[in-house]
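# Structural characterization, general
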Amino acid sequence: MSPRWNPNPDVRTGRHVVYNLHVHLVFVTKYRRKAMTDAMLTRCEEIMREVCTDFEAELKQFNGEDDHVHLLVHYPPKVQLSKLVNSLKGVSARLLRKEYDTHVRRYLWDGHFWSGSYFAGSCGGAPLTVVRQYIENQKRPVG
């Protein structure tokens with residue numbers, strides 16, 4: 001490695017891959033009930049950090065309000081995003097319901113915690129217009 005090269009900590013390498021994958025996730029409580037407290041958000045962040053570590057991903061940013069949470073996750077290409085989301089939601093729901101049972105039962109019932117849907121948006125890297133322009137300007141061989 002050249003001593004002049006300053007590696008970007010977000011660009012990671014594997015045996016046959018160089019990647020920089022970030023996703024913005026938003027999970028909403030079932031029926032958008034305002035069930036989350038500050039202590040629950042703190043515990044939720046701890047749980048989600050552990051789940052991300054199990055997937056060799058990194059929870060870069062976490063925050064939320066009483067009815068939803070936002071996550072910024074840096075993950076490797078071998079991770080299926082849907083499986084990561086299912087684990088994040090499943091493990092956090094199970095543990096939060098167990099640890100804050102009396103509080104959660106006032107807002108949510110039937111074993112539900114998170115809404116079945118979620119938002120996932122890719123982020124980081126160059127804007128789409130820049131990537132399109134870069135691809136268009138490739139020097140294609142003639143003939």
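Since this is a predicted model, take the numbers as computed values, not measurements. (Residues numbered from 1 in each chain as written. Predicted model: local features only at pLDDT ≥ 70, side-chain atom pairs only at ≥ 80, totals over all residues. Heavy atoms only, no water.)

For the rest of this paragraph, the subject is the confidence of the model for the chain. In the predicted model, the chain carries a mean pLDDT of 91, and 96% of its residues have values of at least 70. At the level of individual helices and strands, the chain shows its lowest average pLDDT in strand β1 (residues 12-13), which scores 82, and its highest in helix α1 (residues 38-54), which scores 98. (pLDDT = per-residue confidence, 0-100. Helix = DSSP H or I, 4+ residues; strand = E, 2+ residues; numbered from the N terminus.)

Time to look at the packing of aromatic side chains. The way to describe two aromatic rings as a pair is by their centre distance and the angle between their planes. Applying the stated criterion across every chain yields a total of four aromatic pairs. Summarising the aromatic geometry, the rings of Tyr31 and Trp109 are spaced 5.9 Å apart at their centres and angled 20° between planes, so their arrangement reads as stacked. Of the two residues, Tyr31 sits in the loop between β3 (22-29) and α1 while Trp109 sits in the loop between α3 (101-107) and β6 (114-123), which places them 78 residues apart along the sequence. According to the relative accessible area criterion, Tyr31 is exposed, its value standing at 52%. Here the aromatic residues Phe27, Phe113, Trp114 and Tyr118 are joined through ring pairs into a cluster of three or more. A cation over a ring is seen here: Lys30 above Tyr31, with NZ or CZ 5.3 Å from the ring centre. (Phe/Tyr/Trp six-rings, centres within 6.5 Å; stacked < 30°, edge-to-face > 60°. Buried < 20%, exposed > 50% of the residue type's maximum accessible area, 1.4 Å probe, protein only. Lys NZ or Arg CZ within 6 Å of the ring centre and 35° of its normal.)

Next up on the list: a nonpolar patch on the surface. On the surface, a nonpolar cluster with roughly 320 Å² of combined accessible area is contributed by Val131, Tyr134 and Ile135. Mapped onto the elements of the fold, Val131 is located in helix α4 (residues 128-136). Overall, Val131 belongs to the partly exposed group, its relative accessible area being 34%. (Patch = residues over 30% accessible without salt bridge, like charges linked within 9 Å, V, L, I, M, F, W, Y side chains within 5 Å. Areas by Shrake-Rupley, 256 points an atom, 1.4 Å probe, with all protein chains shown as cover. Salt bridge = Lys/Arg side-chain N within 4 Å of Asp/Glu carboxyl O.)

Another point: the nonpolar core. If you look at the biggest cluster of nonpolar residues, it comprises 29 residues, and the most contacted ones within it are Leu71 and Val73. Tallying contributions element by element places α1 first for this core, with seven residues. In this structure Val73 touches Leu21, His22, Val23, Leu25, Cys52, Ala57, Glu58, Leu59 and Leu84, once residues within four positions along its chain are discounted. (Core = buried A, V, L, I, M, F, W, Y, C linked by side-chain atoms within 4.5 Å. Contact = heavy atoms within 4.5 Å.)

As a further point, take the state of the cysteines. Within this structure, the stated rule accounts for zero disulfides. This cysteine, Cys52, is not joined by any disulfide, and Cys44 carries the nearest cysteine sulfur, 11 Å off. Overall, the relative accessible area of 0% leaves Cys52 in the buried class. Residue Cys123 stays outside any disulfide, its sulfur separated by 13 Å from that of Cys52, the closest cysteine. (Disulfide = S-S within 2.5 Å.)

What follows deals with the sheet that holds β3. One open sheet accounts for four strands, arranged β4-β5-β3-β6; its pairing is antiparallel. Taken across any chain shown, the strands that pair with only one partner, and hence form the sheet edges, are β4 (58-64) and β6. Sheet twist, expressed as the mean angle between neighbouring strand axes with direction ignored, is 20°. Here β3 pairs with strand β5 (residues 68-74) via seven bridges, running antiparallel. (Pairing = 2+ DSSP bridges. Axes fitted to C-alpha atoms, helices over the stretch in contact; angles between N-to-C directions.)

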